[in-house]
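An overview of the molecular structure
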Amino acid sequence: LLTHPVSDRPRGKVLYWFAAGALCGELALIKPNIGGLAFGGVLAGIVWSQASRESRIARWLEFLFTAMILTGPWLLYSSVLAAPISWLAPTVATVSLFLVRNQCRNHGSHKPVANSKVLFTCLDLGAGCVMAMATTVVFVLWQGVSVDGLRQGLLSQHADLIKQFYHAALLPAVAWVMCAMMMFACISEKIPSIHRWTQTHSGKWLDLVTTIAVIGSLIAIASDAGSQLVHGLAPHGAAGLLAGPGSLLVWRFLQVSENESSVSRANLSAFAGVVVLAPLAAFPTPGTQIAVGTLGVLILLLCTFLIRCRHIVFHRNSGSYRLQRYALTVVAAISFAALIPLANRWSEREPLGLNGAKRLRLSSEETQRYRALIRSIQENGAESIAFSWHTRNSFLGWAGLPPLSTQSPTFWPYLLSHSKQERVLGDALRFRRIVVVDEDYEPVIQPPPSHLQRWLIEQSVPIVDSKPFKLRLLVHPNAGTHGF
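A short tour of the structure in this document, coming up. What you are looking at is a predicted structure, and each value in this text was computed from that prediction instead of being measured.

1. A look at the overall build of the protein
Along the protein, the regular secondary structure elements total 20 helices and six strands. Relative to its 484 residues, the protein shows a buried fraction of 46%. Pairs at least 24 residues apart make up 72% of the contacts formed inside the protein by residues separated by at least 6 positions. With the model as given, the accessible surface of the protein reaches about 24,600 Å², and the carbon-plus-sulfur share is 64%.

Below you can see the structure in the form of structure tokens.
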């Protein structure tokens, strides 16, 4: 959406930025910090690439806006900064944002527009965000979700996750070294002698670092794509490499794409702003989420790499780039060759074929196990599914059944208080036949005693044993009074 040139057409501008804001609003309803970071990134791209700084008031407003955006990552991490190395992720995000801002404001073909138009664009973006959120909230409340359940899913659950499961993202140590070097390069622009040297030599070094980052990322992703995901909190693919050094190279895309794209600078700057903040969407539980959040970083690094390859390969008169030209050509071939194992692993797996996941490919053993479990749930006439440890929403989707309650967080024994578990039990008594998915799970940290967990096990009988899952059937013919 952000890279579509429709926003260059006068009639499409209002609808375009309204749609971008609406997308940010919907992301906020999936997870608040995802939508907030996306909105902040788009807003920063608009202001930095378009706003005029001719008047003193405009310069002060831009300074205050920049300070507010740059402190955003630190506000997100403010409650956990005392934890070891928790400062590294917001530091990388802040420096990456500053580099994007520096490229937008001080370099390139910056053509400022009237600040009244920039303000109107920002209001258009905000209106789309508010309208989308309000419409969606009204719709889900009309569908029967309670206000308390909505608050639990959007706010309380994430606050509990910070207390119970927060850990710092594992970023390479080289990330903070690169932060220092990038900031030194920005400061050195004020020192003529150093600035001349960096202008002459920095391009080659940036090409080399970008090449290493791209190849390392592709190899890491290719080698990890077929491995078994043991836990959602475990690092996955090239997440650490892309979230650290990769994010610090996003500004380079704006530099090399100066004359390579017909898309407006506002669009590209907004996209870059979103990309450098996206890895923070994994807070407070980085793992598979940070792998998803760094997808945009990988895309922009690949674009930067290919643009530079084309420039170096086709500028045959540039003798100083001869060695780099051949090196990058070989590196490009290696990077594509690294993707070959993905095709092999894809062909070795079978489509799951279950509702909502028909094309998800797993090993033959996993495919048969999940199919058998869902078939057993349906054959036993289950009206809902309960989970003894970890709420697996995939089971609900595959079987086409509703959850016990609107309050259905992931590791619910850790996240639901006694009173909330009482409420879940009251909701559970609406169903006559419930299948309980009892999972073999050894917690590292023991949760508080759970009366709901004990009730689910004691009131049910085993029907299927397919390790690591056991299915138990709970039949409750009389929905009435209850208590623990």
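Still more to cover.
2. Re helix 19 (residues 418-428)
Turning to helix 19, its buried residues are Lys420, Gln421, Val424, Leu425 and Ala428. Take helix 19 and look down its axis: the buried residues cluster within an arc of 145°, on one side only. In the core, the buried residues of helix 19 are packed alongside helix 6 (147-165), helix 18 (412-415), strand 4 (433-439) and helix 20 (451-458).

3. Some remarks on the pairing of strand 4
Of all seven residues in strand 4, six are buried; the element is thus mostly enclosed. Looking at chain direction, strand 3 (residues 384-387) and strand 4 are connected through four bridges and run parallel. By the bridge assignment for strand 4, Phe387 is matched with Val437. Judged from the seven bridges that link them, strand 4 and strand 6 (residues 469-475) form a sheet pairing that is antiparallel.

4. Describing unusual backbone geometry
Residue Pro284 follows Phe283 across a cis peptide bond; omega there is 5°. Mapped onto the secondary structure, Pro284 falls in the loop between helix 11 (265-277) and helix 12 (288-293). Omega for the peptide link from Lys467 to Pro468 comes to 10°, which places this bond in the cis form. The phi dihedral of Ile85 falls on the positive side, at around 50°, and the residue is not glycine. Turning to its location among the elements, Ile85 is positioned in the loop between helix 3 (56-76) and helix 4 (88-106).

5. As for the pattern of salt bridges
Considering all chains together, one arrives at four salt bridges under this definition. The shortest N-O distance in the salt bridge between Arg349 and Glu348 comes to 4.0 Å. Overall, Glu348 belongs to the exposed group, its relative accessible area being 56%.

6. Details of empty space enclosed by the protein
Where empty space is left can be seen by rolling a probe of water-molecule size over the atoms. Within the structure shown, the criterion is met by three cavities of 30 Å³ or more. Taken together, 16 residues form the lining of the largest cavity, with Thr391, Leu404, Ser408, Trp412 and Val424 sitting closest to its centre. Counted by class, the lining of the largest cavity contains twelve nonpolar, four polar and no charged residues. By volume, the second largest cavity is sized at about 90 Å³. Along its surface, the second largest cavity is lined by 14 residues, and Ala89, Leu171, Ala243, Pro279 and Leu280 are the ones closest to its centre. At three residues, helix 4 tops the list of elements feeding residues into the lining of the second largest cavity. Here the lining of the second largest cavity is composed, by residue class, of 13 nonpolar, one polar and no charged.

Conventions and cut-offs
Residues numbered from 1 in each chain as written. Predicted model: local features only at pLDDT ≥ 70, side-chain atom pairs only at ≥ 80, totals over all residues. Heavy atoms only, no water. Helix = DSSP H or I, 4+ residues; strand = E, 2+ residues; numbered from the N terminus. Buried < 20%, exposed > 50% of the residue type's maximum accessible area, 1.4 Å probe, protein only. Contact = heavy atoms within 4.5 Å. Areas by Shrake-Rupley, 256 points an atom, 1.4 Å probe, with all protein chains shown as cover. Arc of directions from axis to C-beta. Pairing = 2+ DSSP bridges. Salt bridge = Lys/Arg side-chain N within 4 Å of Asp/Glu carboxyl O. 1 Å grid on protein atoms, 1.4 Å probe; cavity = no way out; pocket = protein on both sides within 12 Å on 5 of 7 lines; lining within 4 Å. Points joined across faces, edges and corners; volume = space filled by probe spheres on them. Nonpolar A, V, L, I, M, F, W, Y, C, P; charged D, E, K, R; others polar.

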